[in-house]
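# Tertiary structure, described
One letter stands for each residue in the lines below.
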Amino acid sequence: SIAECQSILLRHMAGEIMALFRPLHNKLQGRLTDQKREILMALRLLERLLRGTESLSPSRRLAMRLAIRVVLQKGSPVYSEAAKVSRTMWMVDMLADWQRHVQEACDCGGLFWSQELLPAMLDNIYNRPHQINRVHYILAAFGDA
């Protein structure tokens, strides 16, 4: 299940993000300009955020996004990797908030205000007898509302 694999998948994605930036971290040694110093500090912050805990709270993910923005600013040596990092962060957000997304997708609260839809839905099923299995789901959705 998703819940059982969540921490493993988040660790894997964190490793992917760090693997993208590791060559840059090694490259930014020695004499640094102001821009390179900012990038190096953002890389260190990102590394601490990714290694800090198994949980990626919304505030932790926001700090990660800010650090990534600094690292991926125009003129950065890894600017070309922006799309890959953005996709990985999207996957991290989806995985970290999967319960909230499921709850929002399954919210039947709007049906409470649209109870006049029930007869129309039942008529639709009555006219298509092969869809009789939908009755249970429709009644459950209206019952949850």
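Let me begin by describing the structure that accompanies this report. Nothing here was measured: the structure is a model prediction, and the numbers come from that model.

### Observations concerning the overall build of the chain
- In terms of regular secondary structure, the chain is built from eight helices and zero strands.
- Scaling as 2.2 N^0.38, a compact globule of 145 residues should have a C-alpha radius of gyration of about 15 Å, whereas the chain reaches 23 Å, well beyond that.
- Across its three principal axes, the chain shows a C-alpha extent of roughly 75 × 30 × 25 Å.
- Relative to its 145 residues, the chain shows a buried fraction of 28%.
- In the chain, once contacts between residues fewer than 6 apart in sequence are set aside, the share between residues at least 24 apart is 64%.
- Of the roughly 9900 Å² of accessible surface on the chain, a fraction of 57% belongs to carbon and sulfur atoms.
- Averaging the locations of the 19 positively and 14 negatively charged side chains of the chain gives two centres separated by 13 Å.

### A closer look at the layout of surface pockets
- Put simply, the largest pocket is a space of about 240 Å³.
- Those elements giving two or more residues to the lining of the largest pocket turn out to be helix H3 (58-71) and helix H4 (82-96).
- Ranked by residues supplied to the lining of the largest pocket, first place goes to H4 with five residues.
- For the lining of the largest pocket, the residue count by class is seven nonpolar, one polar and two charged.

### Some points on the nonpolar core
- With 27 residues, the main nonpolar core has Phe 21, Leu 46 and Val 71 as its most contacted residues.
- Counting residues per element, the ones that place at least two in this core are helix H1 (2-27), helix H2 (34-52), H3 and H4.
- Leave out the neighbours within four places in its chain, and Val 71 touches Phe 21, Leu 24, Ile 39, Ala 42, Leu 43, Ser 76 and Val 78.

### Some points on the packing of H3 against H4
- Packing of H3 against H4 brings their axes to within 12 Å, and their N-to-C directions diverge by 175°. Considering the angle they form, H3 stands roughly antiparallel to H4. Here H3 contributes Arg 61, Met 64, Arg 65 and Ile 68 to the contact with H4, which in turn contributes Val 85, Met 89, Val 92, Asp 93 and Ala 96.

The rules behind each value
Note that residues are indexed from 1 along each chain, following the sequence as it is written. It should be noted that, the model being predicted, local features are given only for residues of pLDDT at least 70 and side-chain atom pairs only at 80 or more, the latter also being counted only at that level, while totals for whole chains, interfaces and linings use all residues. Excluding hydrogens and water, the side-chain figures rest on all heavy atoms present in the structure. Helix and strand definitions here come from DSSP, where helices need a minimum of 4 consecutive H or I residues and strands a minimum of 2 consecutive E residues; each element is numbered from the N-terminal end. We compute the radius of gyration from the C-alpha atoms alone; for a globule the expected value is 2.2 Å times N to the 0.38, where N is the number of residues. Buried, partly exposed and exposed residues are distinguished by accessible area as a fraction of the type maximum, computed with a 1.4 Å probe on protein chains only: under 20%, between the cut-offs, and over 50%, respectively. In what follows, residue pairs with any heavy atoms lying within 4.5 Å of each other are defined as contacts. Method for areas: the Shrake-Rupley scheme with a 1.4 Å probe, in which residue coverage is limited to the protein chains shown. Under this rule, positive means Lys or Arg and negative means Asp or Glu; His and the chain ends count for nothing. Every charge is mapped to an atom, namely NZ of Lys, CZ of Arg, CG of Asp or CD of Glu. Using only the protein atoms, space was sampled on a 1 Å grid; points where a 1.4 Å probe fits but cannot get out form cavities, open sets with protein on both sides within 12 Å along at least five of seven lines form pockets, and lining residues are those with an atom within 4 Å of a point. Grid points are joined across faces, edges and corners, and a volume is the space filled by probe spheres set on the points. Throughout this entry, Asp, Glu, Lys and Arg are counted as charged residues, while Ala, Val, Leu, Ile, Met, Phe, Trp, Tyr, Cys and Pro are counted as nonpolar. The remaining residues, Gly among them, count as polar. As used here, the term nonpolar core means buried Ala, Val, Leu, Ile, Met, Phe, Trp, Tyr and Cys residues forming a set that is joined through side-chain atoms within 4.5 Å. Angular values range over 0 to 180 degrees, each being the angle between N-to-C directions of two axes fitted as lines to C-alpha atoms, with helices fitted over their stretch in contact. Each angle gets one of four labels, with under 35 degrees taken as roughly parallel, over 145 as roughly antiparallel, 65 to 115 as roughly perpendicular, and the rest as oblique.

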